[in-house]
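Structure assessment
Chain residues, written in single-letter form:
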Amino acid sequence: MLFGRGKKSKDERSETAGTVEESGAAAQNPEAGDAAGTRGDFRLAKGPLDIDEIESREGYVDLGALLIAPAEGLQLRLEVEEATQRVVAVTMDLEGSSLQLQAFAAPRSEGLWDEIREQITESVSSQGGETEEITGSFGTELVAKLPAEAADGSRGFRAARFMGVDGPRWFLRGVLGGQAALEREAAAGLEELFRRVVVVRGDNPMPPRELLQLRLPKDAAVPGQAGAPQAAPEMQQPERGPEITQIG
């Protein structure tokens with residue numbers, strides 16, 4: 001599994017995460033939390049997981065607030081805010097598609113996803129795009145399409161599929177790009193990896209919608225580096241990919 005770093009300016013990070021950080025908490029069905037057994041837990045299915053639901057961190061790529069399960073062919077990129085060098089997102093690249101992850105603090109008694117979807121819809125609409133709510137493996141999802149110009153000058157659109165999960169005191173947002181944004185079959189591998197993500201909320205008091213801290217793994221290695229263990233995540237030179245979550 002390859003591991004790399006990308007850079008993101010402060011303004012770009014605001015575009016990426018502003019949908020979450022500027023939103024107010026929207027109440028969801030309170031019975032969902034009771035059914036899950038934990039107040040404030042609105043997950044409809046098993047996964048993504050909370051740190052209390054696994055026995056050990058062994059075998060995961062430890063990014064601080066997120067633990068990622070390795071998979072063959074998976075490449076990881078950290079999005080770094082240039083001004084502060086703060087890691088603000090992790091992107092999983094697999095089979096030509098991508099999944100960007102961000103985790104946030106959430107209230108104990110309310111979910112964030114309903115209102116966040118509304119804000120994404122407003123943002124996309126203001127840029128001349130369109131959105132459609134669909135039902136997916138993790139509940140209601142949002143497919144967004146924005147006008148875009150191809151390399152040959154032809155007009156088309158750029159698509160992204162937003163998934164949101166309200167867990168116990170945390171909210172995890174995943175944004176699918178590439179073929180996975182529009183094709184269920186192409187998204188299957190990344191959806192399974194999303195289900196296996198573990199969120200480490202921590203016990204410190206945090207205001208709702210505050211970004212949970214990510215970090216570079218301590219054992220990350222550069223490809224070809226002498227002595228780099230074969231099983232460890234490898235580090236590739238940073239490359240800027242499409243900023244999918246700028247649509248929201």
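Residues numbered from 1 in each chain as written. Predicted model: local features only at pLDDT ≥ 70, side-chain atom pairs only at ≥ 80, totals over all residues. Heavy atoms only, no water.

The next subject is the environment of Gly111. Here Gly111 lies in the loop between strand 7 (97-105) and helix 3 (113-126). Among the residues examined, Gly111 registers a relative accessible area of 0% and is labelled buried. Spatially, the C-alpha atoms of Gly111 and Asp41 are 8.1 Å apart, while their sequence positions differ by 70 residues. (Helix = DSSP H or I, 4+ residues; strand = E, 2+ residues; numbered from the N terminus. Buried < 20%, exposed > 50% of the residue type's maximum accessible area, 1.4 Å probe, protein only.)

A separate point is the environment of Asp52. Relative to the assigned elements, Asp52 resides in the loop between strand 2 (49-50) and strand 3 (61-62). Owing to a relative accessible area of 70%, Asp52 belongs among the exposed residues under this scheme.

With mixed pairing, four strands are arranged side by side in an open sheet as 2-12-4-3. Only two strands of the sheet have a single partner each, and these edge strands are strand 2 and strand 3. Sheet topology places strand 4 (residues 66-68) next to strand 12 (residues 198-199); two bridges connect them, and they run antiparallel. Opposite Leu66, over in strand 12, you have Val199 as the bridge partner. (Pairing = 2+ DSSP bridges.)

This brings us to the pattern of salt bridges. For the coordinates displayed, the defined rule picks out 14 salt bridges. Across the pair Arg43 and Glu53 runs a salt bridge whose closest N-O atoms are separated by 2.8 Å. With Arg43 in the loop between helix 2 (30-36) and strand 2 and Glu53 in the loop between strand 2 and strand 3, this residue pair connects regions lying 10 residues apart in the sequence. For Arg43, a relative accessible area of 12% puts it in the buried group. Close ionic contact of Arg77 with Glu79 constitutes a salt bridge, the shortest N to O distance being 3.4 Å. (Salt bridge = Lys/Arg side-chain N within 4 Å of Asp/Glu carboxyl O.)

Each regular strand shows side chains that alternate between the opposite faces of the sheet. Bridging between strand 8 (residues 130-136) and strand 9 (residues 139-149) involves seven bridges; their strand directions are antiparallel. Paired with Gly136 across the two strands is Gly139, which belongs to strand 9. Bridging between strand 9 and strand 10 (residues 155-167) involves eight bridges; their strand directions are antiparallel. Looking at strand 10, one finds that Ala144 is bridged to Ala160.

So, about the confidence of the model for the chain. For the chain, the average pLDDT comes to 80, and 72% of its residues sit at 70 or higher. In the model, residues 9-37 has pLDDT below 50 throughout and makes 73 contacts with residues more than four positions away in sequence or in other chains. Within the model, the stretch residues 221-248 combines pLDDT values under 50 with 70 contacts to residues more than four positions away or in other chains. (pLDDT = per-residue confidence, 0-100. Contact = heavy atoms within 4.5 Å.)

Now for helix 4 (residues 184-195). Buried within helix 4 are the following residues: Ala187, Leu190, Glu191, Leu193 and Phe194. All buried residues of helix 4 lie within an arc of 160° about the axis, which places them on one face of the element. Looking at the packing, one finds that the buried side of helix 4 touches strand 6 (86-94), strand 7, strand 10 and strand 11 (170-177). (Arc of directions from axis to C-beta.)

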